[in-house]
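Observations on the model geometry
Residue-level listing of the chains:
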Amino acid sequence: MWNKRCLTELAFILMFSIVLAACGADDNNTNASESPENNESQNENTETDENKDVELGKKELTIPYVAWARETVVSYLMGEVLKDIGYNVEVKQVETGPMWASVADGTADFTASAWLPKSQKQYWDQYKNQVEEVNQTLDKAPLALTVPSYMEDIDSVEDLKDNTELGKKLNWKITGIDSGAGIMSLTKKAIDQYGLEQWDLRHSSEAAMITELKSAIENKKPIVVTLWKPHWTFGVMDLKMLNDPKGSYGGNGGHISIVANKNLEDDAPAAYKFINQYTESYEMIEKLMPKVFAEDKDPKKVARQFINDNPELIDEWTKGIQTE
């Protein structure tokens, strides 16, 4: 006869055996899921997903740009590549404020004309919740007051202060570009910081400023203009940027970025992937800019020639993108 104590011990042994069996089953399942074969399968699936071509999404794209040298050639170049991918693209010249506003509200999709963090800070601060900085394309883009190199006595912004002789020759005028450009607001700041109250910053356009600069150089006359790099004029004119010891223009310069509407990745995945993979160099830009601005060629044709001449680079920019 089994007494009560024996029955209790037997029940305990049976229960313990059941628990051990259950734990062993869990261990087996865990080991199975962590086996090399299963991990290899999971890695293959992940790789397949990563390399899968992304789709176009919406077909209509708008690229606003400000009519500056680099921005013109880059915007048309990107527009032509996107057309080859399968988009209908409008490359649209605007001023700085409307450019940011249109990307923010979605009437445009992205711009390659964002100078950050200082030059266009006011626009970034205003629209940063509606846009995304997708790709920093150039890491150094200095801005400065600039003069012809033959103006040997003018090397710094400080040299303009109380310079009555130069001031009278120029009617105390600094030749600027469009009023909404970041370099214009930075120049107003420089005028205050360096005590240049006698000087008057005149706004016009980049084209008008360059016309005045060319005329002055042809006649070897003095001139002070707002300029930046990269810019084609430095390749064909002997110019020097004035030293800026107070850092009004941001030292060695900020960077240039592609800024997109926050919905672009969802609305046009292939376009988003392209602008994220796009790369740029000073060498590339300095070859393209003079063709448009010194040789007066159509920027669309210049872009198309660059695409034809650089198939490997275009393949890198469009890797993993489904084309039509």
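Residues numbered from 1 in each chain as written. Predicted model: local features only at pLDDT ≥ 70, side-chain atom pairs only at ≥ 80, totals over all residues. Heavy atoms only, no water.

**Quick look at the sheet that holds strand S4 (residues 131-141)**
Strand order in the open sheet made by the 3 strands is S3-S10-S4, with antiparallel pairing throughout. Either end of the sheet is taken by a strand with one partner, and the two such strands are strand S3 (110-116) and S4. Strand-to-strand twist across the sheet, computed as the mean angle between neighbouring axes with direction ignored, equals 25 degrees. Of the strand pairs in this sheet, S4 and strand S10 (residues 254-261) are connected by 7 bridges, and their pairing is antiparallel. Bridge pairing links Gln136 to Ser257 in S10. Where helix H11 (residues 269-277) meets the sheet, its contacts fall on S3, S4 and S10, and the angle it forms with S4 comes to roughly 20 degrees. (Pairing = 2+ DSSP bridges. Helix = DSSP H or I, 4+ residues; strand = E, 2+ residues; numbered from the N terminus. Axes fitted to C-alpha atoms, helices over the stretch in contact; angles between N-to-C directions. Contact = heavy atoms within 4.5 Å.)

**Focus on unusual backbone geometry**
Look at the link from Leu116 to Pro117: it is a cis peptide, with omega at 0 degrees. Of note, Pro117 is situated in the loop between S3 and helix H5 (121-127). In this structure, Pro230 follows Lys229 across a cis peptide bond, with omega equal to 5 degrees. For Pro230, the location among the structural elements is in the loop between strand S8 (225-228) and helix H9 (233-236). The backbone of Asp162 shows a phi angle near 55 degrees, a positive value even though the residue is not glycine. By the element assignment, Asp162 lies in the loop between strand S5 (143-148) and helix H6 (164-169). A positive phi angle is found at Lys220, which is not glycine, with a value near 50 degrees. Considering the arrangement of structural elements, one finds Lys220 in the loop between helix H8 (206-218) and S8.

**Side note on the nonpolar core**
One finds Leu82, Tyr87 and Phe274 to be the most contacted residues of the largest nonpolar core, which totals 95 residues. Per-element tally for this core: the top contributor is helix H3 (residues 69-85), with 9 residues. Once you skip the residues sitting within four places of it in the chain, Phe274 turns out to touch Met78, Val81, Leu82, Ile85, Trp317, Thr318 and Ile321. (Core = buried A, V, L, I, M, F, W, Y, C linked by side-chain atoms within 4.5 Å. Buried < 20%, exposed > 50% of the residue type's maximum accessible area, 1.4 Å probe, protein only.)

**Things to note about the side chain of Thr318**
In this structure, Thr318 sits in the segment after helix H14 (311-317). For Thr318, the contacting residues outside a window of four places in its chain are Val81, Ile85, Phe274 and Gln277.

**Quick notes on the pairing of S5**
For S5, the buried fraction is high: 6 of the 6 residues fall into the buried class. Relative to S8, S5 runs antiparallel, the two being bridged by 4 bridges. Looking at the pairing, Thr146 lines up with Val225 of S8. Looking at chain direction, S5 and strand S9 (residues 239-241) are connected through 3 bridges and run antiparallel. If you follow Thr146 over to S9, its bridge partner there is Met241.

**Topic: the packing of H3 against helix H13 (residues 299-309)**
Orientation of H3 relative to H13, taken along the N-to-C sense of each, is 60 degrees, at an axis distance of 8 Å. The pairing of H3 with H13 is recorded here as oblique in orientation. Seen along the crossing, H3 lies across H13 with a hand that is right-handed. In this structure, H3 contributes Thr72, Tyr76, Leu77, Glu80, Val81, Lys83 and Asp84 to the contact, and H13 contributes Pro299, Lys300, Ala303, Arg304, Phe306 and Ile307. (Parallel < 35°, antiparallel > 145°, perpendicular 65-115°, else oblique. Left-handed = near helix turned anticlockwise from the far one by under 90°.)

**A word on the pattern of salt bridges**
Counted according to the given criterion, the structure contains 13 salt bridges. In this structure, Arg304 engages Asp84 in a salt bridge whose closest nitrogen and oxygen atoms are separated by 2.9 Å. Taken together, the positions of Arg304 in helix H13 and Asp84 in helix H3 put the pair 220 residues apart, joining distant regions of the chain. Asp84 gets classed as partly exposed once you look at its relative accessible area, which sits at 39%. With its nearest N and O atoms 3.7 Å apart, the salt bridge here joins Glu283 to Lys287. Of this pair, Glu283 and Lys287 both sit in helix H12 (residues 282-293), 4 residues apart, roughly one helical turn. Sharing partners across several salt bridges, the network here consists of Glu80, Lys83, Asp84 and Arg304. (Salt bridge = Lys/Arg side-chain N within 4 Å of Asp/Glu carboxyl O.)

Any functional reading would require information beyond the geometric quantities listed.
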